[in-house]
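# Close look at the chain arrangement
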Amino acid sequence: MAFDVNNTRIEMIKEKFLNLMTKYSDNEKYNLECWSEIEKHYTSKSRHYHNLEHLENMLIELENVKSQIRNLDTLLFSIYYHDIVYKATRSDNEHQSAIVFEKRINKTSFDGIIDCMNQIEATKEHKHSTDNDTNILLDLDLSVLGKSTEEYSKYSKNIRKEYRVYPDFMYRKGRKKALKNIIELNSIFKTDYFISKYESQAKENLKFELEQLS
């Protein structure tokens, strides 16, 4: 498998999703169908970083900021669906992910679909939002950038694997541009908690990778 999450941890991710779905749908078969679709996409052989381990990390980080969240269920749906469509050769993954989410959750009683779609779309450009929940989602999504040197190295290698269709010279050029854009931001993270926890290490990690690419 292209991810490093054991069965027990997969069950935790699954259980949290099904508990969420049960609030808005009493169709157990449909709820499981939605989970199976999520699991299928996030365990695709082409996924080396954007996989269940990524979801797990976001869910773990979420526990630290729950008290700051206005609508937890909307944020949870955004986490599960934000990368359900992910292909390195596409530029509309976020939009397509939002569409899959709408198609699936439109069949439930959940009434925050538009808000959730907006959050998913926001993960494309990672711009500061007037909505604090969206900013938290963006910080959860990028929290790997501020992890230890070892964890960041694993992340950067897995990103390269996802872009293996591109030759080194093309990948380096695109990756360097992406890293520079992030480094030049006034702040990588949007919320005080994540700025305090990860900002400094994230900048060190990005600069190190940039040096390696150069």
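Before reading on, note that the structure itself is shown above.
The rules behind the values
Residues numbered from 1 in each chain as written. Predicted model: local features only at pLDDT ≥ 70, side-chain atom pairs only at ≥ 80, totals over all residues. Heavy atoms only, no water. Helix = DSSP H or I, 4+ residues; strand = E, 2+ residues; numbered from the N terminus. Rg over C-alpha atoms; globule rule 2.2 N^0.38 Å. Contact = heavy atoms within 4.5 Å. Areas by Shrake-Rupley, 256 points an atom, 1.4 Å probe, with all protein chains shown as cover. Core = buried A, V, L, I, M, F, W, Y, C linked by side-chain atoms within 4.5 Å. Buried < 20%, exposed > 50% of the residue type's maximum accessible area, 1.4 Å probe, protein only. Polar contact = N/O pair within 3.5 Å; in protein donor to acceptor, adjacent residues only side chain to side chain. Expected span 1.5 Å × (residues − 1). Axes fitted to C-alpha atoms, helices over the stretch in contact; angles between N-to-C directions. Parallel < 35°, antiparallel > 145°, perpendicular 65-115°, else oblique. Left-handed = near helix turned anticlockwise from the far one by under 90°. Nonpolar A, V, L, I, M, F, W, Y, C, P; charged D, E, K, R; others polar. Salt bridge = Lys/Arg side-chain N within 4 Å of Asp/Glu carboxyl O.

### Overview of the overall build of the protein chain
Scanning the protein chain from N- to C-terminus turns up ten helices and zero strands. Helices and strands appear in the protein chain in the N-to-C order α-α-α-α-α-α-α-α-α-α. Relative to a compact globule of 214 residues, whose C-alpha radius of gyration would be 17 Å, the protein chain shows 17 Å and is just as compact. Along the first, second and third principal axes, the C-alpha atoms of the protein chain reach 55 × 35 × 30 Å. Within the protein chain, contacts between residues at least 6 apart in sequence are counted, and of these 67% link residues at least 24 apart. Total accessible area on the protein chain stands at roughly 11,400 Å², and carbon and sulfur atoms take up 49% of it.

### Some remarks on the nonpolar core
Grouped together as the largest cluster of nonpolar side chains are 56 residues, with contacts concentrated most on Phe17, Phe77, Tyr81 and Phe101. In contact with phenylalanine 17, other than residues within four places in its own chain, are Asn31, Cys34, Trp35, Ile38, Phe77, Tyr80 and Tyr81.

### With respect to the side chain of serine 25
By secondary structure assignment, the location of serine 25 is in the loop between helix H1 (7–22) and helix H2 (28–42). Within the structure, the side chain of serine 25 is placed 2.9 Å from the side chain of asparagine 31, a separation counted as a polar contact. Apart from the residues within four sequence positions on either side, serine 25 is in contact with Asn31 and Thr108.

### A word on helix H10 (residues 192–213)
The end-to-end C-alpha distance of H10 is 30 Å, a good match for the 32 Å that 22 residues give at a rise of 1.5 Å each. Listed in full, the buried residues belonging to H10 are Phe194, Tyr198, Glu199, Ala202, Asn205, Leu206, Glu209, Leu210 and Leu213. For H10, the secondary structure elements touched by its buried residues are helix H3 (52–62), helix H7 (132–142), helix H8 (149–162) and helix H9 (168–183).

### Here we look at the environment of glutamate 125
Within the fold, glutamate 125 resides in the loop between helix H6 (113–122) and H7. The exposed category is assigned to glutamate 125, whose relative accessible area is 52%. In sequence terms glutamate 125 and glutamate 94 are 31 residues apart; their C-alpha atoms lie 9.7 Å from each other. Here lysine 127 takes part through its side chain, which lies 3.2 Å from a polar atom of the side chain of glutamate 125.

### Section: the packing of H1 against helix H4 (residues 72–81)
With their axes 11 Å apart at the nearest point, H1 and H4 run at an angle of 130° to one another. As judged from the angle between their axes, H1 and H4 are oblique. The interaxial crossing formed by H1 with H4 has left-handed handedness. Judged by residue contacts, Ile13, Lys16, Phe17, Leu20 and Met21 of H1 engage Asp73, Leu76, Phe77, Tyr80 and Tyr81 from H4. In terms of residue class, the contact of H1 with H4 is made up of eight nonpolar, no polar and two charged.

### Quick look at the pattern of salt bridges
The final tally for this structure, using the stated rule, is 15 salt bridges. One salt bridge in this structure joins glutamate 63 and lysine 16, with 3.9 Å as the shortest N-O distance. Of this pair, glutamate 63 sits in the loop between H3 and H4 while lysine 16 is found in helix H1, placing the two residues 47 residues apart along the sequence. For glutamate 63, a relative accessible area of 43% gives the class partly exposed. Judged by relative accessible area, which is 27%, lysine 16 ranks as partly exposed. Between glutamate 125 and lysine 127 there is a salt bridge whose closest N-O contact spans 3.2 Å.

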